[in-house]
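# Chain and residue survey
Residue-level listing of the chains:
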Amino acid sequence: MTPRDPLDVGAADAAVTDSALPPQAAASAVHPEPKAGERGPAEAGDRGPAETGDPDLAGDGDTGDTGGTVLGRRYRALTLGIVTVVSLIAFEASAVNTAMPVAARALDGVELYAYAFSAYFTASLFAMALSGEWCDRKGPLTPLFTGIAAFAAGLLVAGSAQRMWMFVGGRAVQGIGGGLVIVALYVVVGRAYPQRLQPAVLASFSAAWVLPVIVGPLAAGTVTEQAGWRWVFLAIPVLVLPPLAVMLPALRALPPSERSAGMNRRRILLALAVAVGAGLLQYAGQDLSWLSLLPAAAGLALLVPCVLRLLPKGTFRAARGLPSVILLRGVAAGSFLGAESFVPLMLVTQRGLSATAAGLSLTGGGLTWALGSYTQSRPRLEPHRERLMGLGMLLMAVSIAMVLLALVDSVPAWIVAVAWVIGGYGMGLTISSGSVLLLKLSRPEDAGSNSASLQVSDALGNITLVGLSGVLFVTFGGGEIAATGTAATHQPAAFGAVYVAMAAVALVGAWVTTRLRPVTA
């Protein structure tokens, strides 16, 4: 799950700061098509308030007509409500990785393991486009509460599922809710806060991920082992109600939308077609037979032309400059998440670790992701940004390859934690630098649409490469992993195929970084 980048959510053309989120932030996506009259976070080195010189994150009280601080009387309730909602979504995102191996085995559905992740991303891709249009025309209040309701409903469906397909369906409903909510929250920031306070609010988005990344795996693992995996999903919905109640008065006071035209149905339909096409391809990949050629062909017929309309020309041939920046985002995010999704399952089924220990193996990656983001923001490194991104992709490839060693019984399982510390740092260097480079290569009038393309590439990379990982996993025997601890659970080739493929994709990303500089006349 990946950090999110520039989008237009406010009332001017200047950029504000959105710190990179940790890898568990698969649920957090942003507005796929910024609109006129809106602006929003543009990652500028992923700098927080201390680094930008913005003093508004701290302090209390109002300061006349400047609007006070984000924790002053005027904005305190809204800020705390937003941070709490983001924290709950972040906790659920980090907890899912911990509980998923136990849930898949309990429901006898390990062969559909990858679907539980990709269903979320596939559904959220469509929801992003819908929420953006909805917020533009009706304001963020309705899509926000609809998204919260959908997210909670998805949690209830997943937590009460008796079959794996029902669990996957619940995750898809969660994805719809997550896509609606995160876009609406960015629009709230753009409309409720003055421009000078927006960097501080958006920095708090990133801060809201830190504690869940640290405590989420431990808490989820403890709940899974003591009370059962279902409570990781069933306990969250009720916790969302208090922050919503706190936010409601401020949300009702938001100014109405200035746009009354109908929704851009073309953009929504393109996103829907991409989501459906990706779903059909994933379905075909899970059932490798002659009959699977039909859904595969239908999926390609939907996916390919629609993606070509959503991304800049030259993206898929790594044309120099901006197209390669956008392509790299999907390659980086997808390869890392494609490998990460199978790490807890591998540690539980192949090395006998508890769900808690398996989840904690990923925690270091979230922390070093933030460190990598901080590193690339240093002004003295600006001339070397492309090289930093190349280094980041190489570190990711090394990290994923190191996980292969954990399949050897004589190698200690903690090698995975070390590997993910390395990979998280590489992701921080690559993802955050890519956001900055995109703005550098974009004309002001194109920054919004180019940022939207970056988000589409992110979502497509996640969907495609997590889906590919699932296909490889099943093809090499992963579906034979049983719900019990029998010898049939040992299928190292299935996990090895996933990690080899994702490491190779990361190496392709390293090559793409050599094409980030545009051709100069």
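Please read these numbers as outputs of a predicted model, since none were measured by experiment.

### Things to note about the overall build of the protein chain
Looking only at helices and strands, one finds 18 helices and 0 strands in the protein chain. The buried share among the 521 residues of the protein chain stands at 61%. For the protein chain, contacts bridging at least 24 residues in sequence account for 82% of all contacts bridging at least 6. With the model as given, the accessible surface of the protein chain reaches about 18,900 Å², and the carbon-plus-sulfur share is 67%.

### A few points about the nonpolar core
Counting residues in hydrophobic clusters, the biggest one holds 129 residues, and the most contacted among them are I82, F167, F233, F342, M346 and Y499. Ranked by residue count, the leading element in this core is helix α2 (residues 76-106), at 15 residues. If near-sequence neighbours (up to four positions away) are discounted, F233 is found in contact with E92, V96, A99, L155, A158, G159, F167, R171 and Q174.

### Quick notes on the pattern of salt bridges
According to the stated counting rule, one finds 3 salt bridges in the structure shown. Measuring nitrogen to oxygen at the nearest pair gives 2.6 Å for the salt bridge that ties R385 to E382. The class for E382 is partly exposed, based on a relative accessible area of 29%. Between E386 and R517 there is a salt bridge, and its shortest N-O distance comes to 3.2 Å. You can see E386 sitting in helix α15 (residues 385-403) and its partner R517 sitting in the segment after α18 (492-512), a full 131 residues away along the chain. According to the relative accessible area criterion, E386 is buried, its value standing at 10%. With a relative accessible area of 47%, R517 lands in the partly exposed category.

### Some thoughts on the layout of surface pockets
A volume near 370 Å³ is recorded for the largest pocket. In terms of lining residues, the largest pocket is bounded by 16 residues, among which V307, F316, L460, G461 and T464 are the most central. Within the residue set of the lining of the largest pocket, elements represented by two or more residues are α10 (293-310), α11 (322-340) and α17 (447-475). Partitioning the lining of the largest pocket into residue classes produces 11 nonpolar, 5 polar and no charged.

### Things to note about unusual backbone geometry
The backbone of A318 sits at a positive phi, close to 55 degrees, despite the residue not being glycine. Its place among the elements puts A318 in the loop between α10 and α11. Assessed through its relative accessible area of 3%, A318 is described here as buried.

### Digging into α11
Taking 1.5 Å per residue, 19 residues should reach 27 Å; α11 reaches 27 Å between its end C-alpha atoms and fits that length. When you tally the buried positions in α11, you get 19 out of 19 residues, the bulk of the element.

### Some points on empty space enclosed by the protein
Applying the stated criterion across every chain yields a total of 6 cavities of 30 Å³ or more. Approximately 50 Å³ is the volume attributed to the second largest cavity. Forming the boundary of the second largest cavity are V325, L328, R329, A332, M389, T430, I431, G434, S435 and L454. Elements that contribute at least two residues to the lining of the second largest cavity include exactly α11 and α16 (415-441).

### Considering the side chain of S341
Tracing the backbone shows S341 in the loop between α11 and α12 (343-349). Note on S341: relative accessible area 1%, which makes it buried. Of the polar contacts made by the side chain of S341, one reaches the backbone oxygen of L337; its length is 2.8 Å. With near-sequence residues (within four places) excluded, S341 lies in contact with Y113, F117 and V466.

### Side note on the confidence of the model for the protein chain
Looking at the protein chain, the pLDDT average stands at 75 and 77% of residues meet or exceed 70. Confidence drops under a pLDDT of 50 for residues 1-67, and excluding neighbours within four residues, the segment shows 259 contacts in the predicted structure. Confidence over residues 482-488 falls short of pLDDT 50; this stretch has 8 contacts with residues more than four positions distant or in other chains.

### Regarding the packing of aromatic side chains
Scanning all chains against the criterion turns up 7 aromatic pairs. Between F167 and W229, the ring centres sit 5.7 Å apart and the planes meet at 75 degrees, which makes this aromatic pair edge-to-face. A residue pair is termed long-range when its members are at least 10 positions apart, and F167 in helix α5 (residues 164-192) and W229 in the loop between α6 (198-226) and α7 (230-234) qualify at 62 residues. Each member of the pair F167 and W229 is classed as buried. An aromatic cluster of three or more residues is present, and its members are F167, W229 and F233.

### Re the packing of helix α3 (residues 113-138) against helix α4 (residues 141-159)
Packing of α3 against α4 brings their axes to within 10 Å, and their N-to-C directions diverge by 160 degrees. Relative to α4, α3 is oriented roughly antiparallel. Of the two elements, α3 crosses α4, and the hand of that crossing is right-handed. Residues Y120, S131, W134 and C135 of α3 pack against T142, P143, T146 and F151 of α4. Here the residues of the contact of α3 with α4 are counted per class, giving 5 nonpolar, 3 polar and no charged.

### Examining the packing of α4 against α5
Orientation of α4 relative to α5, taken along the N-to-C sense of each, is 160 degrees, at an axis distance of 7 Å. Taken together, α4 and α5 sit at an angle that is classed as roughly antiparallel. Here the hand of the crossing between α4 and α5 comes out left-handed. The segment α4 lies against α5, with P143, L144, T146, G147, I148, A150, F151, A153, G154, L155, V157 and A158 engaging M166, F167, G170, V173, Q174, G177, G178, L180, V181, A184 and L185.

### Section: a nonpolar patch on the surface
Together, L211, I214, V215 and L367 make up an exposed nonpolar region whose accessible area comes to about 330 Å². It is α6 that provides the largest number of residues to the nonpolar patch, a total of 3 residues. Structurally, I214 can be placed in helix α6. Overall, the relative accessible area of 38% leaves I214 in the partly exposed class.

Definitions and cut-offs
- Residues numbered from 1 in each chain as written.
- Predicted model: local features only at pLDDT ≥ 70, side-chain atom pairs only at ≥ 80, totals over all residues.
- Heavy atoms only, no water.
- Helix = DSSP H or I, 4+ residues; strand = E, 2+ residues; numbered from the N terminus.
- Buried < 20%, exposed > 50% of the residue type's maximum accessible area, 1.4 Å probe, protein only.
- Contact = heavy atoms within 4.5 Å.
- Areas by Shrake-Rupley, 256 points an atom, 1.4 Å probe, with all protein chains shown as cover.
- Core = buried A, V, L, I, M, F, W, Y, C linked by side-chain atoms within 4.5 Å.
- Salt bridge = Lys/Arg side-chain N within 4 Å of Asp/Glu carboxyl O.
- 1 Å grid on protein atoms, 1.4 Å probe; cavity = no way out; pocket = protein on both sides within 12 Å on 5 of 7 lines; lining within 4 Å.
- Points joined across faces, edges and corners; volume = space filled by probe spheres on them.
- Nonpolar A, V, L, I, M, F, W, Y, C, P; charged D, E, K, R; others polar.
- Expected span 1.5 Å × (residues − 1).
- Polar contact = N/O pair within 3.5 Å; in protein donor to acceptor, adjacent residues only side chain to side chain.
- pLDDT = per-residue confidence, 0-100.
- Phe/Tyr/Trp six-rings, centres within 6.5 Å; stacked < 30°, edge-to-face > 60°.
- Axes fitted to C-alpha atoms, helices over the stretch in contact; angles between N-to-C directions.
- Parallel < 35°, antiparallel > 145°, perpendicular 65-115°, else oblique.
- Left-handed = near helix turned anticlockwise from the far one by under 90°.
- Patch = residues over 30% accessible without salt bridge, like charges linked within 9 Å, V, L, I, M, F, W, Y side chains within 5 Å.

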